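One-letter residues, chain by chain:
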Amino acid sequence: MNSKQLLYTIDEGTAAFSSVKSTHLCCTVMQNSIHQPRSVRPWSPLNQPCMKRIGLFILLLFCSAVLYAQTTTYVGTLTVDGYTRHNVTAKVSVNNNSATMVLYDVKFARMMPVKVDATIPKLHASTTNGTTTLSGTNIVPTVGSKSHTKHIVKNLRGTCTASQLSTTMMLGDKKTSFSGKAKR
C-alpha cells in the first residue's frame with residue numbers, strides 16, 4: 001500500500017481506497033476474501049451504528065421535551081349549584097393544545113353517598129405568557145372508569161397558571177365552579 005491508498009474498516013468488511021483525490025474516491029470492498037466492487041460511504045463517526053443510535057436517542061429526547069405534558073395539582077373550593085366542598089384536589093395536565101382535568105374525591109351533591117374521581121378529558125388548551133386558557137363543551141366525563149353521559153360538561157371556561165386554577169362549567173344542568181391554588 002502506498003501513501004495514496006488508505007485502509008478503513010466498515011460494516012461490510014474492509015475497503016481499500018485508492019486514487020484519493022479531493023472529491024473522488026475509487027474503492028474496492030473485500031468481504032470474505034472475495035473482491036466485490038461496492039459503493040462505500042467514507043468513514044465518519046456519524047456512519048457508525050453506535051453514533052446512529054446516540055443520534056436517534058438525542059432526537060427522541062428532544063421530541064419528548066417538546067411533547068412533555070405539564071401537570072399541576074391544585075387544592076381549592078368546588079361549588080355545584082350552591083353546594084360547596086372545600087379542600088378539593090384538582091389536577092390539570094396540559095399537552096400541546098389539549099388538556100385533561102381530574103377532580104379527586106369529590107361529592108357533587110350533599111346527598112351523594114360516596115366520593116368519586118371525575119375526569120374531564122379533551123379540553124382545548126391555549127397557553128400564552130404562562131397562562132393556559134381552558135375551554136370545552138359537550139364533553140362526556142368519566143367517573144372511575146365509566147363514561148357518565150347523564151352529566152355532560154358544557155361551556156367549560158377557565159384559566160390556570162403555575163399558581164392557581166379557576167374554572168366554570170355546566171355539569172349536566174348544575175352550575176359548577178372550581179377555584180384553587182397550586183399544591184406545594
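Report follows, based on the coordinates. This is a predicted model, so every value here is computed, not measured.

**So, the overall build of the protein chain**
Counting its regular elements, the protein chain contains one helix and 14 strands. Burial analysis of the protein chain (184 residues in total) assigns 26% to the buried set. Relative to all contacts within the protein chain whose residues are 6 or more apart in sequence, the contacts with residues 24 or more apart total 34%. For the protein chain, the exposed area adds up to about 12200 Å²; of that, 55% sits on carbon and sulfur atoms.

**Quick look at the nonpolar core**
Membership of the largest hydrophobic core comes to 28 residues, with the highest contact counts inside it found for Phe 108 and Leu 165. When contributions to this core are tallied by element, the ones reaching two or more residues are β5 (70-80), β6 (83-95), β7 (98-106), β8 (116-128), β12 (153-160), β13 (164-171) and β14 (174-182). Considering each element in turn, this core owes the most residues, five residues, to β8. If we ignore the near neighbours within four places in the chain, the residues touching Leu 165 are Tyr 74, Ala 90, Val 92, Met 101, Leu 134, Thr 159, Cys 160, Phe 178, Ser 179 and Gly 180.

**A closer look at the side chain of Thr 72**
Along the chain, Thr 72 turns up in strand β5. According to the relative accessible area criterion, Thr 72 is buried, its value standing at 14%. If sequence neighbours within four positions are ignored, Thr 72 has contacts with Ala 90, Lys 91, Val 92, Ala 162 and Ala 182.

**Here's the deal with the environment of Lys 175**
Relative to the elements of secondary structure, Lys 175 occurs in strand β14. Ignoring any residue separated from it by four or fewer positions in sequence, one finds Lys 175 in contact with Thr 79, Val 80, Asp 81, Met 169 and Met 170.

**Notes on the environment of Phe 108**
Here Phe 108 lies in the loop between β7 and β8. Considering only alpha carbons, one finds Phe 108 and Thr 79, 29 residues apart in sequence, at a separation of 8.1 Å. Excluding residues within four positions of it along the chain, Phe 108 makes contact with Leu 78, Val 80, Tyr 83, Leu 103, Val 116, Ala 118 and Leu 171.

**Comments concerning the layout of surface pockets**
Computed from the structure, the largest pocket encloses a volume of approximately 310 Å³. Taken together, 17 residues make up the lining of the largest pocket; nearest its centre are Phe 108, Met 112, His 148, His 151 and Leu 171. Those elements that place two or more of their residues in the lining of the largest pocket are β8 and β13. When residues of the lining of the largest pocket are assigned to their parent elements, the largest contribution, three residues, is made by β8.

**Some remarks on the pairing of β7**
Across seven bridges, the pairing between β6 and β7 is antiparallel. In the sheet register, Thr 89 faces β7, and the bridge partner there is Tyr 104. Between β6 and β7, which follow one another and run antiparallel, lie two residues, and Asn 96 among them has a positive phi close to 60°. By the bridge criterion, six bridges tie β7 to β8 in an arrangement that is antiparallel. Within β8, the position partnered with Ala 99 by the bridge is Leu 123.

Cut-offs and rules
- Residues numbered from 1 in each chain as written.
- Predicted model: local features only at pLDDT ≥ 70, side-chain atom pairs only at ≥ 80, totals over all residues.
- Heavy atoms only, no water.
- Helix = DSSP H or I, 4+ residues; strand = E, 2+ residues; numbered from the N terminus.
- Buried < 20%, exposed > 50% of the residue type's maximum accessible area, 1.4 Å probe, protein only.
- Contact = heavy atoms within 4.5 Å.
- Areas by Shrake-Rupley, 256 points an atom, 1.4 Å probe, with all protein chains shown as cover.
- Core = buried A, V, L, I, M, F, W, Y, C linked by side-chain atoms within 4.5 Å.
- 1 Å grid on protein atoms, 1.4 Å probe; cavity = no way out; pocket = protein on both sides within 12 Å on 5 of 7 lines; lining within 4 Å.
- Points joined across faces, edges and corners; volume = space filled by probe spheres on them.
- Pairing = 2+ DSSP bridges.

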